[in-house]
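Chain residues, written in single-letter form:
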Amino acid sequence: MKRFYPPVSSKLPQPSSSSPIATPVEQNLNQLEEQPQSSKRQRQGIDLDSLSTDPKERIPIRDYHPNERDEIRREYLRRGPCQPRHHKFPQRDFSGLKRRFNHKWFDEYGIWLEYSVIEDAAYCLCCYLFQDEEIHQGGGDVFSSLGFKSWQKKKRFDMHVGKSSSSHNHAKRKCEDLLKQKQSIQTSFDRQSSQTKLEYKIRLKASIEVLRLLLNQGLAFRGHREDESSLNKGNFLEILSWYAERCDKIRDLVLKKAPKNDQLTSHKIQKDIIIACKIETVKAIMDNLNGDFFALLVDESCDVPRKEQLAIVLRYVNRCGSVVEHFIGIVHVHNTSALCLKKAIVDYLAQHSLSLSYVCGQCYDEASNMQGDLGGLKTLIRQESKSAYCIHCFAHQLQLTLVAVSKKCLEVGELVLLVSNVLNIVGGSYKRMDNLRESHAEKVQEALDMGELETGRGLNQELGLARAADTHWEERAKAKGYLSTCQTFEVAFMLHLMRDVLEITNELNTSLQKKEQDIANAILLVEVAKKRLQKLREEEWGLLIDKVSAFCVKYNILIPNFDDFYVNSGRSRRKVADYTILHHSRVDIFFKIIDWQVQELNARFNEVTTNLLVGVACLNPVDSFSSFDINKILMMAELYPDNFDENIMVTLKNQLQTYIVDVRDFDERFSNLQALVDLSETLVKTKKHLNYQFVFRLVKFALLLQVATATVERTFSAMKLIKSELRNRMNDEFMSGCLVPYVERNIFNTISDETIMNTFQKMKTRRGQL
């Protein structure tokens, strides 16, 4: 299916994601040289989605097969000229004067003027589409193929347009004639009676309402059999039929009562409406972004048919000063090299008039193609935007700290292996699971009756093991061995110790999953976790031993004498160690595990030592701006040279001096703020972001340093729901159309049916279908 784009004013066409289409391989060079040029070109079936957006990368129209040229021209006219309005146009030197492309020229010459980000040059869309072999008037060859770069000579634009007989106007009239072929379809619709139009809109609105319900729930649309004899025609037709039976307004206008050629229920119509829903959802996100700075959250994952999908999430500060993260689309990538991922991101952002020059933050996992310092994605994007600082996903780093500790400590590794084996034994049979539930329910009820447990949501889940005799005879020996191992003091001790450690890190992990979490608060949470681990090490050894001992007494587990010498299970009992069981448990296990955990946290969360995050911490309003330091904040601003030049730095310093006196001493609304998000929202609410615009810009940059890719992970979870085993043949466009409204339901549900209806109708008009 072709990709549909919204109007030119809000979207930028998609750059090419593939290499230029090659002519057929020459079998006989001598013979081909003797043939006319037109005979070398064969019709190959053009993928319109792969047409290049940037004018510099486009293949000359004359190189396409003659029968394909009009289709390609229509596609480019439908997309509109390439006009990256939010791009940071570079300056160039002209006789000692700095000049750059002016985005206001898009408004003055918007019908035909294009700009190439790659070449930093201007082009003419009309002349490209209908360029002849000889175009010379008004720089026709320059604007159609070479590119115009003399920004100090703006009059050349008017010279290029020329008089009515100019080559440009001749090409422009050809574009208009080509579009008139489609206008007749809209005219035929306009000529219909008002009653016919009203009935059409009622049918379309009914289909949109049913699809909106299905999109919100992530449900399938089609049925296996949708003919009249089918008992289940699929969710869409069944719900529409149910809706018609109960709504008098549509009962006589839909399904069998509708004209056969205008029922608006076909699979193609459903897809087009879904794409319209996606277009409007993403458009609402872009309108909220309003061309401001944003951060990228990107990750890749395989779908059900094992196709690699790249999810793109934007993080930005909205008009209210709140931090939001929104999923804007998923893109199929043929490989996961950094260059391929960057190309896919650039192409998708270009569809929405966004460029990498406005990226002020990145967040990925630890994969080398993402985080590599030499050729990783973060490095490639930093080459395009110096402000695109990358913070490793805190949640993923936290997971890696636990993995590292389990590798360093043999006892932790053995515990993980034991738990894994026990889960495999218990979970390998439904009968064992039933026995486990029944046994656990009896023990929980007994404990509740004795007052040892409290009831509550999420409490007292399935804990415990089935007896060895209850398992299948083939697994009985394994189950008996695991049960014997579990009923030892060493395992009980490790279970209680790791539970205490994981409780601390799990609280940190839960906090990092919040969408609105900012980097300054995340750093504080890491520090709190390290302090809690240190407190566990220094003060809670006795409490741990008491808990373990009580557990062993309850379940008749032998408690060793801590003053006895430790005997390694792998050694002969004659060769005992020269230290006690107490020393082994406390020094070799308890202290080491906690120390290793703290060391890993220090090593993996080392961003806190950089000037960037030191400056972020100084902006934090906690404790009435107690960490505020102008010099450190200015050092942070220097890390954004594209946004804070020398003149702005002088203004920023003065603003900071006034700002801190204002918010700390004169405005009580700033006295009890707890995070950067609160500060941002309060600045906007009090309209002080207009007075301290450069301070507010720094606050936004700090908020764009995201700490976790949880939103991307949630998107992949939704992808597995949308594209399931039963729906594994969904194409990429259809899946993205279903996924965006489902993930962004809050925004999707604010879009009116009339807006979706208008977008759908424009799509049909452009494609020449009523």
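Residues numbered from 1 in each chain as written. Predicted model: local features only at pLDDT ≥ 70, side-chain atom pairs only at ≥ 80, totals over all residues. Heavy atoms only, no water.

Asker: Help me out: how do you make sense of the overall build of the protein chain in this one?
Answerer: Tallying secondary structure elements over the protein chain gives 34 helices and eight strands in all. A total of 770 residues make up the protein chain; the buried ones form 49% of that total. Carbon and sulfur atoms make up 50% of the accessible area of the protein chain, which amounts to about 39,200 Å² in all. (Helix = DSSP H or I, 4+ residues; strand = E, 2+ residues; numbered from the N terminus. Buried < 20%, exposed > 50% of the residue type's maximum accessible area, 1.4 Å probe, protein only. Areas by Shrake-Rupley, 256 points an atom, 1.4 Å probe, with all protein chains shown as cover.)

Asker: Honestly, the pattern of salt bridges in this entry has me stumped. Any pointers?
Answerer: Think of it this way: side chains of opposite charge can pair up when their charged atoms draw near. Here the structure, examined in full by the defined rule, presents 31 salt bridges. Among the ionic pairs, Arg92 bridges to Asp120, the shortest N-O distance being 3.9 Å. Note that Arg92 is positioned in strand β1 (residues 92–94) and Asp120 in the loop between β3 (113–116) and β4 (121–124), a separation of 28 residues in sequence. Arg92 sits in the partly exposed class, given a relative accessible area of 27%. The partner of Lys408 in a salt bridge is Glu600, with the nearest N and O atoms 3.1 Å apart. (Salt bridge = Lys/Arg side-chain N within 4 Å of Asp/Glu carboxyl O.)

Asker: Even after reading the chapter, I still don't get the packing of aromatic side chains, so can you show me in this structure?
Answerer: By convention here, two paired aromatic rings are described through the distance between centres and the angle between planes. Under the definition given, this model contains 35 aromatic pairs. Three or more aromatic residues joined by ring pairs form one cluster here, namely Phe89, Phe101, Trp105, Phe106, Tyr109, Trp112, Tyr115, Phe143, Phe148, Trp151 and Phe157. The ring of Phe591 carries Arg537 above its face, with NZ or CZ at 4.3 Å from the centroid. Positioned over the ring face of Tyr742 is Arg745, at 4.5 Å from the centre of the ring. (Phe/Tyr/Trp six-rings, centres within 6.5 Å; stacked < 30°, edge-to-face > 60°. Lys NZ or Arg CZ within 6 Å of the ring centre and 35° of its normal.)

Asker: Is there a simple way to explain the nonpolar core in this structure?
Answerer: Looking at soluble globular proteins, one finds that nonpolar side chains tend to be buried together. Of all hydrophobic cores here, the largest spans 180 residues; its most connected members are Phe294, Leu296, Leu314, Phe493, Phe644, Leu652 and Tyr659. Residue contacts for Tyr659: discarding those within four places in its chain leaves Phe625, Phe628, Leu679, Leu683, Tyr692 and Val695. Membership of the second largest hydrophobic core comes to 32 residues, among which are Trp105, Tyr128, Phe130 and Phe148. (Core = buried A, V, L, I, M, F, W, Y, C linked by side-chain atoms within 4.5 Å. Contact = heavy atoms within 4.5 Å.)

Asker: Explanation requested: the environment of Leu639 in the structure shown.
Answerer: Among the secondary structure elements, Leu639 is positioned in the loop between α26 (630–637) and α27 (646–666). Along the backbone, Leu639 and Ser387 are 252 residues apart, and their C-alpha atoms lie at a distance of 7.2 Å. If sequence neighbours within four positions are ignored, Leu639 has contacts with Lys386, Tyr389, Asn611 and Leu612.

Asker: In this structure, what is going on with the pairing of strand β7 (residues 323–332)? I would like to understand it.
Answerer: Of all 10 residues in β7, nine are buried; the element is thus mostly enclosed. Two elements, strand β6 (residues 308–317) and β7, share nine bridges in a ladder whose sense is antiparallel. Within the sheet, the bridge partner assigned to Tyr316 lies in β7 and is Val324. Between the end of β6 and the start of β7, which pair antiparallel, lie five residues, with Gly321 showing a positive phi angle near 85°. (Pairing = 2+ DSSP bridges.)

Asker: Teacher, can you tell me more about the sheet that holds β7 here?
Answerer: Strands in a sheet are paired, the pairing made by backbone hydrogen bonds, and the direction either parallel or antiparallel. The four strands lie next to each other as β7-β6-β5-β8, forming an open sheet whose pairing is mixed. One side of each edge strand has no neighbouring strand; the edge strands of this open sheet are β7 and β8 (359–363). Pairwise comparison of adjacent strand axes, ignoring direction, gives a mean angle of 25° for this sheet. Across the sheet, helix α13 (residues 338–350) lies against β5 (294–302), β6 and β7, angled at about 55° from β6, the strand it touches most. (Axes fitted to C-alpha atoms, helices over the stretch in contact; angles between N-to-C directions.)

Asker: In this structure, what is going on with the side chain of Arg58? I would like to understand it.
Answerer: Counting through the fold element by element, Arg58 comes out in the loop between α2 (37–40) and α3 (66–79). A polar atom in the side chain of Arg58 sits 3.0 Å from the backbone oxygen of Thr53. Beyond its immediate chain neighbours, meaning those up to four positions away, Arg58 contacts Ser52, Thr53, Tyr76, Cys82, Glu114, Leu125 and Tyr128. (Polar contact = N/O pair within 3.5 Å; in protein donor to acceptor, adjacent residues only side chain to side chain.)

Asker: Help me understand the environment of Gln399 in this model?
Answerer: On the secondary structure map, Gln399 appears in helix α16 (residues 394–408). A relative accessible area of 48% means that Gln399 is categorised as partly exposed. Along the sequence, Gln399 and Thr505 sit 106 residues apart, while their C-alpha atoms lie 9.1 Å from each other.

Asker: Would you mind going over helix α10 (residues 235–246) with me for this structure?
Answerer: If you check α10, its first and last C-alpha atoms are 17 Å apart, about what 12 residues at 1.5 Å a residue would give, namely 16 Å. Among all positions in α10, only Phe236, Leu237, Leu240 and Ala244 are buried. Seen end-on, α10 carries its buried residues on one side only, within an arc spanning 90°. Set apart from the buried face of α10 by more than 90 degrees, the exposed residues are Glu245 and Arg246. (Expected span 1.5 Å × (residues − 1). Arc of directions from axis to C-beta.)

Asker: I keep staring at the environment of Ile589 and nothing clicks. Help me out?
Answerer: Within the fold, Ile589 resides in helix α23 (residues 581–604). By relative accessible area, Ile589 is classed as buried at 5%. Along the primary structure Ile589 and Glu411 are separated by 178 residues, whereas in three dimensions their C-alpha atoms are 7.7 Å apart. The residues touching Ile589, leaving out its near neighbours within four places in the chain, are Glu411, Phe493, Met494, Leu497 and His584.

Asker: What is the right way to look at the state of the cysteines in this model?
Answerer: When the sulfur atoms of two cysteines share a covalent bond, that bond is a disulfide. Inspection of the entire model under this criterion finds zero disulfides. Take Cys390: it sits in no disulfide, and the sulfur closest to it among the cysteines is that of Cys363, at 6.5 Å. For Cys390, a relative accessible area of 18% gives the class buried. (Disulfide = S-S within 2.5 Å.)

Asker: Just checking my understanding: could you explain the confidence of the model for the protein chain for this structure?
Answerer: Predicted coordinates in regions of low pLDDT should not be interpreted in detail. With 83% of its residues at a pLDDT of 70 or more, the protein chain has an overall mean of 81. Within the protein chain, helix α33 (residues 745–748) carries the highest mean pLDDT (95), whereas helix α1 (residues 29–34) carries the lowest (36). A low-confidence stretch, residues 133–139 (pLDDT under 50), is modelled with 12 contacts involving residues beyond four sequence positions or located in other chains. Here residues 460–473 is a poorly scored stretch, pLDDT under 50, and it has 30 contacts once near neighbours within four places are set aside; other chains count. (pLDDT = per-residue confidence, 0-100.)

Asker: Mind showing me how you'd approach the packing of helix α20 (residues 489–512) against helix α21 (residues 519–539) here?
Answerer: In a packed pair of helices, the relevant descriptors are the angle between the two axes and the axis-to-axis distance. Between α20 and α21, the least distance of the axes is 10 Å, while the angle of their chain directions is 175°. As summarised for this structure, α20 and α21 are arranged roughly antiparallel, according to the angle between their axes. Contact residues: α20 offers Asp500, Val501, Ile504, Glu507, Leu508, Ser511 and Leu512, while α21 offers Ala522, Leu525, Val526, Ala529, Arg532, Leu533 and Leu536. Of the residues contributing to the contact of α20 with α21, the split by class is 10 nonpolar, one polar and three charged. (Parallel < 35°, antiparallel > 145°, perpendicular 65-115°, else oblique. Nonpolar A, V, L, I, M, F, W, Y, C, P; charged D, E, K, R; others polar.)

Asker: It is not clear to me how α3 should be interpreted in this structure. Could you clarify?
Answerer: Given 3.6 residues to a turn, an α-helix orients residues that are three or four positions apart in the same direction. The first and last C-alpha atoms of α3 sit 21 Å apart over 14 residues, in line with the 20 Å expected at 1.5 Å per residue. Residue Gly80 follows α3 closely and has a positive phi angle near 90°.

Asker: I'm lost on the pairing of β6 in this one. Help?
Answerer: Both faces of the sheet carry side chains from a regular strand, because those side chains alternate between them. Most of β6 sits out of view: 10 of its 10 residues are buried. Neither face of β6 is exposed, since Glu308, Leu310, Ile312, Leu314 and Tyr316 on one face and Gln309, Ala311, Val313, Arg315 and Val317 on the opposite face are all buried. In this antiparallel pair of consecutive strands, β5 and β6, the connection spans five residues, and Arg306 shows a positive phi of 70°.

Asker: Even after reading the chapter, I still don't get unusual backbone geometry, so can you show me in this structure?
Answerer: Generally, phi is negative for residues other than glycine and the peptide bonds are trans, each holding for most cases. Unlike most non-glycine residues, Leu255 shows phi in positive territory, near 55°. Along the chain, Leu255 turns up in the loop between α11 (248–251) and α12 (267–289). Its identity is not glycine, yet Lys687 carries a phi of approximately 65°, on the positive side. Turning to its location among the elements, Lys687 is positioned in the loop between α28 (676–685) and α29 (688–691).

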